[in-house]
Amino acid sequence: MPTFTYMTRCDGCGQCVDICPSDIMHIDTVYRRSYNIEPNFCWECYSCVKACPQHAIDVRGYADFAPLGHSVRVLREEANGTISWKIRYRDGREKVFTFPIRTTPWGSIKPPADYAAPDSVALNSVLLSHEPTALMVATLPTLLAGR
Amino acid sequence: MSLFSSRKTRYVDTDILIVGGGFGGCGATYESRYWGRDLNITLVEKANIERSGAVAHGLSAINCYMGMRWGENQPEDFVRYARGDLMGLVREDLIFDIARHVDSSVHKFEEWGLPIMKDPKTGHYLREGRWQIMIHGESYKPIIAEAARKSASAVYNRIMVTHLLMDSMIPNRVAGAVGFSVRDGNPYVFRAKAVVVAAGGGSHIFRPRSVGEGMGRTWYAPWSSASAYGLLLRAGAKMIQMENRIVLARFKDGYGPVGAWFLLLGSKAANAYGDNYEAARFEELKALVGKYAETKPMPTCLRNHAMLQEMRAGNGPIYMHTQSVLDTREKEEIGWEDFLDMTVGQAAVWASQNIDPKETPSELITSEPYVMGSHATCSGAWASGPEDCAPADYQWGYNRMTTVDGLFGAGDTIGGSAHKFSSGSFTEGRIAGKSAVRYVLDMAGNPPQVDEAQLRALEQAIFKPMDNYTIGRNGIVAGSVAPGYISPLQGLQRLEKIMDEYVGGISTFYVTSAPMLERGLELLTMLREDLDHIGADSLHQLQRAWELSHRVWTAEAVLRHTLFRQETRWPGYYYRGDYPRLDDDEWHAFTASRYDARADEWQLTKLPVHHIIE
């Protein structure tokens, strides 16, 4: 299900170029808009579709096995913490779903360096950061039988 | 070349270099910052960590969570499960280590904002299966990437790492890595006291079932270019179980996941005539692998085997009967979200073929093989185990250090520890990150030495595909056919054809043998020589050229390990036609290889499998 870009919607901002894990969204040098340079390396991960501020990128199912006439559209709203999907079948049926994507504000993760610095005893133990507290059991299991 | 006279080498000096910003790399970055407050920690990624690695797309479940807080499972239970699934051959110390720490990772994910589904009755995480929990995981990767960004001294996106650097003074010690910017074409030299490789396993080693546009819709991400192995084995790291490729039974063409359908929704698979073929073929499996057929749950490879036998008998298509379980809106949403979170393409297959899972069953099929270390498979580097529970011969220093000094690994990089998935890879990254901090502190005042001549030679090698193209392209009018070079895609297709036809791909129903492997090796050797003649017309194609290089080197390791193991250990993953039985007397062992770059020789040996848990 490779991506393509609608000529009339794309403004050439390059967000899709920045995000594509496969490095296949490039800016066309003549039209100054993005396009998929290598559809056979597209995983239809929708990273570019979700990132496009103009909703200019869509997908058409892989020609090898997907008959025409379908669409899977998405709206990812970070501020709401939701993602919404509209699926249109070849025969016209539609399905709509909305799912949560995050329960905390974006940017709210506490950096590891903001926690109290661990001492050398902890450093030389087998405990990882925030353990054993974050395990929510009293102690880290061990296996003396191995030695 | 005059075209690149503007190239300017960028030097980055750091204490810890983390190669690959997927789950393993993000875990290593977070943890090394927690323990190494004053250290310089650098994360380098060929794409953008916001959406990179195998979880770029998202995930619908976390497949490795013990639930110790609710007394659901203990780490020992998980070791037994992974060992059973891999037909007895795993590093139990490494798996135990991940299992005992993984819950703290998952609890952090929830604190950071990952929506984890809850069982309304108990308030516990909603279980998909014994080890799996259900999540709303569309933004799983961006959440984890945020934690990594807040931990690293610097994140370098769009840098393709091509080689590891070795210390010029101390033998067998890593000194950093080199690569190039896919955006501006500048060479990058990272000099580091410790390196954690958390790169990906390999898709597109074997020819995929879909070969047109659809070749991108492999089960595993097309950008997973086996760099975990391509980087390590050329540095002389000992690798194990490289023959242990994985084949997945998934929804046909879209490769949508089946776990939630089988485990949570209780859907059943049957052949075209509605028969439960797995049960019917149990005796046949027992004749093939003996006691291993009785493992509960049935090992992934054996379930594949039963499906393959059905297909050979002409009893396909195999169908997942989704329509018999989607009786409520809630279940329908679970079924759809399972795909939309992590495999949107499967939803497109349904929409395009007018398949409503509430009404119509969907085809299942076994995929092409993949080479990885984090799923129901465990290829990767031989690594030192945890200090407090690894057997003596599995322990030579820092936890998760490979056989190269200062070189650590996580996720797909580390061999012998299957069933890590996302949470386990992140956890292994944490383990490796902490070890790297300890290594760096112990090595204080002993910085890595990099030889300038070595750098110049590597730099020339890195950009050679562009030189090949510039020169060769002048000799032809137009088009993709030239006598002196081939494109990265042309090279990749040759690799996939060799691996498919000689090393147990789909075209032989996963069967291979010594004569087939030996012939395959002849052809693969010529492809390795032809890597010197890849032509890249752009920086993007230069990235593809180096991805191809990592894949070819990995493929050679896969082939050599497959030839070395004279048995059929995992029927359903691959078969040695000349050794069709499982042979515990001779082969209850790891296969290990080491590539000696100076002599251009491979050494293959056996390493013992220790069972430390009953």
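Residues numbered from 1 in each chain as written. Chains lettered and ligands numbered in written order. Predicted model: local features only at pLDDT ≥ 70, side-chain atom pairs only at ≥ 80, totals over all residues.

Trainee: I'd like to hear about the overall build of chain A, residue by residue, with values.
Mentor: Looking only at helices and strands, one finds three helices and seven strands in chain A. Tracing chain A from N to C terminus, the helices and strands come up as β-α-β-β-α-β-β-β-β-α. The C-alpha atoms of chain A give a radius of gyration of 23 Å, which is well past the 15 Å a tight globule of 147 residues would have. With the C-alpha coordinates aligned to their principal axes, the bounding extent of chain A is approximately 60 × 35 × 35 Å. A total of 147 residues make up chain A; the buried ones form 34% of that total. (Helix = DSSP H or I, 4+ residues; strand = E, 2+ residues; numbered from the N terminus. Rg over C-alpha atoms; globule rule 2.2 N^0.38 Å. Buried ≥ 20, exposed ≤ 12 C-beta atoms within 10 Å, placed from the backbone.)

Trainee: Lay out unusual backbone geometry in plain terms, naming residues and giving numbers.
Mentor: Residue B:P297 is reached from B:K296 by a cis peptide bond, and omega for that bond is -5°. Relative to the assigned elements, B:P297 resides in the loop between α8 (282-289) and α9 (300-312). B:G316 connects to B:P317 through a cis peptide bond whose omega is -5°. Positionally, B:P317 belongs in the loop between α9 and β12 (318-320). Residue A:R32 is not a glycine yet carries a positive backbone phi of 60°.

Trainee: Please give an account of the domain arrangement of chain B that cites residues and values.
Mentor: All names here are of chain B. Structurally, chain B comprises domain 1 (9-200 + 372-442), domain 2 (250-366) and domain 3 (460-608). Centre-to-centre separation of domain 1 and domain 2, based on C-alpha positions: 30 Å. Across the boundary between the two partners, domain 1 contributes 16 residues, which contact 14 residues of domain 2. Looking at the side of domain 1 that touches domain 2, the elements that each hand over two or more residues are β3 (59-62), α2 (75-85) and β4 (133-137). Of the residues in the side of domain 1 that touches domain 2, the class split is five nonpolar, eight polar and three charged. (Domains from an automatic or database assignment. Contact = placed C-beta atoms within 7 Å. Nonpolar A, V, L, I, M, F, W, Y, C, P; charged D, E, K, R; others polar.)

Trainee: Can you tell me about the sheet that holds strand β7 (residues 94-100) of chain A, naming the residues and giving the values?
Mentor: Strand order in this open sheet of three strands is β5-β6-β7 (chain A), and the pairing throughout is antiparallel. In the strand order of this sheet, the two ends are held by β5 (71-77) and β7 of chain A, each with one partner. Neighbour to neighbour, the strand axes of the sheet diverge by 15° on average, direction disregarded. Where strand β6 (residues 82-88) of chain A and β7(A) come together, seven bridges link them in antiparallel fashion. The residue bridging A:I83 from the neighbouring strand is A:F99, located in β7(A). In this fold helix α11 (residues 344-352) of chain B packs onto β5 and β6 of chain A, with an angle of close to 145° to the strand it touches most, β5(A). (Pairing = 2+ DSSP bridges. Axes fitted to C-alpha atoms, helices over the stretch in contact; angles between N-to-C directions.)

Trainee: Talk me through the interface of chain A and chain B; I want residue IDs and the actual numbers.
Mentor: In this complex, chain A contributes 68 residues to the contact, which on the side of chain B involves 74 residues. Secondary-structure elements contributing two or more residues to the side of chain A that touches chain B are α1 (15-19), β6 and β7 of chain A. Its residues assigned to classes, the side of chain A that touches chain B shows 44 nonpolar, 13 polar and eleven charged.

Trainee: Quick rundown of the nonpolar core? Include the residues and the values.
Mentor: Residues and elements named next belong to chain B. Of all hydrophobic cores here, the largest spans 230 residues; its most connected members are V19, V195, V196 and M239. Of the residues forming this core, the biggest block, eleven residues, is contributed by helix α16 (residues 539-564). Beyond its immediate stretch of four places on either side in the chain, V196 contacts I16, I18, V19, A28, F408, G409, A410, A432, G433 and A436. (Core = buried A, V, L, I, M, F, W, Y, C linked by C-beta atoms within 7 Å.)

Trainee: Residues and numbers for the domain arrangement of chain A, please.
Mentor: Considered domain by domain, chain A is made up of domain 1 (3-100) and domain 2 (112-142). Distance from the C-alpha centre of domain 1 of chain A to the C-alpha centre of domain 2 of chain A: 42 Å.

Trainee: Now, about the packing of helix α14 (residues 488-502) of chain B against helix α15 (residues 514-530) of chain B: what can you tell me, with residues and values included?
Mentor: Packed helix pairs are specified by the crossing angle of their axes together with the interaxial distance, meaning the distance between the axes. Residues and elements named next belong to chain B. At their nearest, the axes of α14 and α15 sit 9 Å apart, and the two run at 170° to each other. Regarding the angle of α14 to α15, the classification is roughly antiparallel. Residues G491, R494, L495, I498 and Y502 of α14 pack against M516, L517, R519, G520, L523, L524, L527 and D530 of α15. Along the lines of polarity and charge, the residues of the contact of α14 with α15 split into eight nonpolar, two polar and three charged. (Parallel < 35°, antiparallel > 145°, perpendicular 65-115°, else oblique.)

Trainee: Any chance you could break down the sheet that holds strand β18 (residues 589-596) of chain B for me, citing the residues and the numbers?
Mentor: All names here are of chain B. In space, the four strands of this open sheet follow the order β14-β9-β18-β19, with antiparallel pairing throughout. Whereas interior strands pair on both sides, the edge strands pair on one side only; in this sheet they are β14 (380-381) and β19 (601-608). Where strand β9 (residues 239-240) and β14 come together, two bridges link them in antiparallel fashion. When the bridges of β14 are listed, M239 appears paired with A381. The strands that α16 touches are β9, β18 and β19; relative to β18, the one it contacts most, it runs at about 135°.

Trainee: Please give an account of the environment of B:I506 that cites residues and values.
Mentor: Within the secondary structure, B:I506 is located in the loop between α14 and β16 (511-512). Beyond its immediate stretch of four places on either side in the chain, B:I506 contacts B:R207, B:R209, B:E368 and B:D500.

Trainee: Tell me about the packing of α14(B) against α16(B), and please be specific about residues and values.
Mentor: Residue and element names in this part refer to chain B. Their axes nearest at 9 Å, the elements α14 and α16 cross at an angle of 20°. When the axis of α14 is compared with that of α16, the two are roughly parallel. As α14 runs across α16, the sense of the crossing is left-handed. Between α14 and α16, the residues in contact are P488, G491, L492, L495 and M499 and Q541, R544, A545, L548, R551, V552 and A555, respectively. A breakdown of the residues in the contact of α14 with α16 according to their chemical character gives eight nonpolar, two polar and two charged. (Left-handed = near helix turned anticlockwise from the far one by under 90°.)

Trainee: Explain helix α3 (residues 92-112) of chain B residue by residue, including any values.
Mentor: Residue and element names in this part refer to chain B. Taking 1.5 Å as the rise per residue, α3 with 21 residues should run 30 Å; its terminal C-alpha atoms sit 30 Å apart, in good agreement. Of all the bends in α3, the greatest, near 40°, is centred on H101. Here α3 lies mainly inside the structure; 17 of its 21 residues are buried. The first or second residue beyond α3 is G113, which carries a positive phi of 125°. (Expected span 1.5 Å × (residues − 1). Bend = angle between axes of the 7 residues up to and from the residue.)

Trainee: Report on the pairing of β4(B), specifying residues and quantitative values.
Mentor: All names here are of chain B. For β4, a buried count of five out of five residues is recorded, marking the element as mostly surrounded by other parts of the structure. Because side chains alternate across β4, one face comprises the buried residues I133, I135 and G137, and the other comprises M134 and H136, equally buried. In this sheet, β4 lies alongside β3 in antiparallel orientation, the contact comprising three bridges. Each bridged residue has a counterpart across the sheet, and for L59 the counterpart in β4 is G137.

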